[in-house]
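# Residue-level structure breakdown
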Amino acid sequence: MKSKKRRIGIFRGTFDPIHIGHVSFALKAITKAKLDELYFLVEPMPPHKKNVSDFVHRLKMVYQTVEPYQGMHVLDLGNTKTNASNIITKLKAKFKSTTFVFLMGSDVAKTLPQWSNLEIFCEDNEIIIALRNLDEKNEIVKIIDSLPVKMTYATIISAPVPSISSTTIRNNIYQNNSSIHIDNNVHQYIATQHLYKK
C-alpha cells in the first residue's frame with residue numbers, strides 16, 4: 001500500500017523581525033492547507049532589500065517566537081544565498097515523500113513572473129497566499145493564471161493581520177516606541193542586541 005505523502009508548509013521570509021502577522025498567517029495556513037508541519041525558513045540574503053539585520057539575529061528571533069507552537073519549526077539551510085530552485089533541491093533531499101506548501105504574502109506573489117527557474121518551484125508544489133493591505137484576490141488570480149508554468153494548487157486567503165509590517169515595527173523601535181506585535185522574548189532580544197537603533 002502506497003504511503004500517504006506528508007504535507008509540509010514552508011514559510012520563507014526576511015523576518016526582520018518576525019511578528020504576530022507572520023504567526024497568525026502560519027496558524028491559518030496549517031488549518032486551511034491541512035499541513036502536518038510548518039517550517040519557517042529565514043532568507044539569508046533577501047534580494048531587493050538593503051540594510052537587513054544579520055542572519056543570526058533574525059534566525060534567533062524566529063526560534064524564540066515559534067517555540068511555543070506545536071507543529072511549527074525553524075529550518076536552517078545555512079547563511080548562504082539561495083534561490084527557489086536551490087531551496088527545492090535541498091528540501092527534497094531532506095524530506096522524502098512530501099508535498100510542499102509554500103506560504104507567501106500577496107506582495108511576494110506579485111513577483112512570481114520575475115522568478116527564474118519557476119518551473120522547478122511550481123512542479124508538484126502548492127502555494128497559499130495571504131492578501132496584504134489593499135491587494136485584491138482577482139488581481140492575484142490573474143497573476144497566477146498568467147504564469148508560463150501552472151501551479152499544482154494555489155489557495156488565496158485574507159491575511160489575519162494585514163496591516164502589520166516589519167518595517168513599521170522597526171521604525172517604532174527606532175523611535176523608542178514599544179510594539180505589541182512581537183513576542184516578549186523577541187522584544188527583550190532586540191533591546192539586548194540594540195537592534196533597529198541605527
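Structural data are supplied above this passage.
Now for a look at the structure at hand. Since this is a predicted model, take the numbers as computed values, not measurements.

### As for the sheet that holds strand β3 (residues 72–75)
Within the open sheet, the six strands sit side by side as β3-β2-β1-β4-β5-β6. Their pairing is parallel. Of all strands in the sheet, those bounded by a partner on one side alone are β3 and β6 (153–158). Recorded for the sheet is a direction-independent mean angle of 25° between the axes of neighbouring strands. The sheet contact formed by strand β5 (residues 126–131) and β6 spans six bridges and is parallel. For I127, the partnering residue across the bridge sits in β6 and is A154. Helix-sheet contacts for helix α3 (residues 84–94) involve β1 (6–13), β2 (37–42), β3 and β4 (98–105), and the interaxial angle to β4 is about 145°.

### A look at the pairing of β1
In terms of burial, β1 is largely enclosed, as six of its eight residues are buried. Of the strand pairs in this sheet, β1 and β4 are connected by six bridges, and their pairing is parallel. Within the sheet, the bridge partner assigned to R6 lies in β4 and is T98. Sheet topology places β1 next to β2; six bridges connect them, and they run parallel. Looking across to β2, one finds that R12 is bridged to L41. On the question of chirality, the crossover connecting β1 to the parallel β2 by way of helix α1 (residues 20–32) is right-handed.

### Quick notes on α1
An ideal rise of 1.5 Å per residue puts 18 Å on 13 residues; α1 measures up with 18 Å between its terminal C-alpha atoms. Positive backbone phi, at 55°, marks K34, one or two positions downstream of α1.

### Looking at unusual backbone geometry
Most peptide bonds are trans, and most residues other than glycine sit at a negative phi. In this structure, P17 follows D16 across a cis peptide bond, with omega equal to 0°. Locating P17 in the fold gives a position in the loop between β1 and α1. At F15, a position not held by glycine, the phi torsion is positive, near 50°. Counting through the fold element by element, F15 comes out in the loop between β1 and α1. In this structure, H194 takes a positive phi of about 55° despite not being glycine. Within the fold, H194 resides in the segment after α8 (184–193).

### Remarks on the pattern of salt bridges
Under the defined criterion, the tally for this structure stands at five salt bridges. E126 is the partner of R7 in a salt bridge, and the nearest nitrogen-oxygen pair spans 2.8 Å. Pair noted here: R7 is in strand β1 and E126 is in strand β5, with a separation of 119 residues, a long-range link. Classification of E126 by relative accessible area gives buried; the value is 13%.

### Some details on the layout of surface pockets
Empty space within the largest pocket amounts to approximately 1,400 Å³. Taken together, 46 residues make up the lining of the largest pocket; nearest its centre are G13, T14, K49, D107 and V108. Counting residues per element, the ones that place at least two in the lining of the largest pocket are β1, α1, α3, β4, α4 (106–109) and α7 (166–174).

### Examining empty space enclosed by the protein
Scanning the entire structure with this criterion turns up one cavity of 30 Å³ or more. If you add up the space inside the largest cavity, you get close to 50 Å³. Lining the largest cavity we find R12, L41, V42, E43, P44, L77, G78, T80, T82 and I87. Across the lining of the largest cavity, the residue classes tally to five nonpolar, three polar and two charged.

Parameters at a glance
- Residues numbered from 1 in each chain as written.
- Predicted model: local features only at pLDDT ≥ 70, side-chain atom pairs only at ≥ 80, totals over all residues.
- Heavy atoms only, no water.
- Pairing = 2+ DSSP bridges.
- Helix = DSSP H or I, 4+ residues; strand = E, 2+ residues; numbered from the N terminus.
- Axes fitted to C-alpha atoms, helices over the stretch in contact; angles between N-to-C directions.
- Contact = heavy atoms within 4.5 Å.
- Buried < 20%, exposed > 50% of the residue type's maximum accessible area, 1.4 Å probe, protein only.
- Right-handed = clockwise from strand over helix to strand, strands pointing away.
- Expected span 1.5 Å × (residues − 1).
- Salt bridge = Lys/Arg side-chain N within 4 Å of Asp/Glu carboxyl O.
- 1 Å grid on protein atoms, 1.4 Å probe; cavity = no way out; pocket = protein on both sides within 12 Å on 5 of 7 lines; lining within 4 Å.
- Points joined across faces, edges and corners; volume = space filled by probe spheres on them.
- Nonpolar A, V, L, I, M, F, W, Y, C, P; charged D, E, K, R; others polar.

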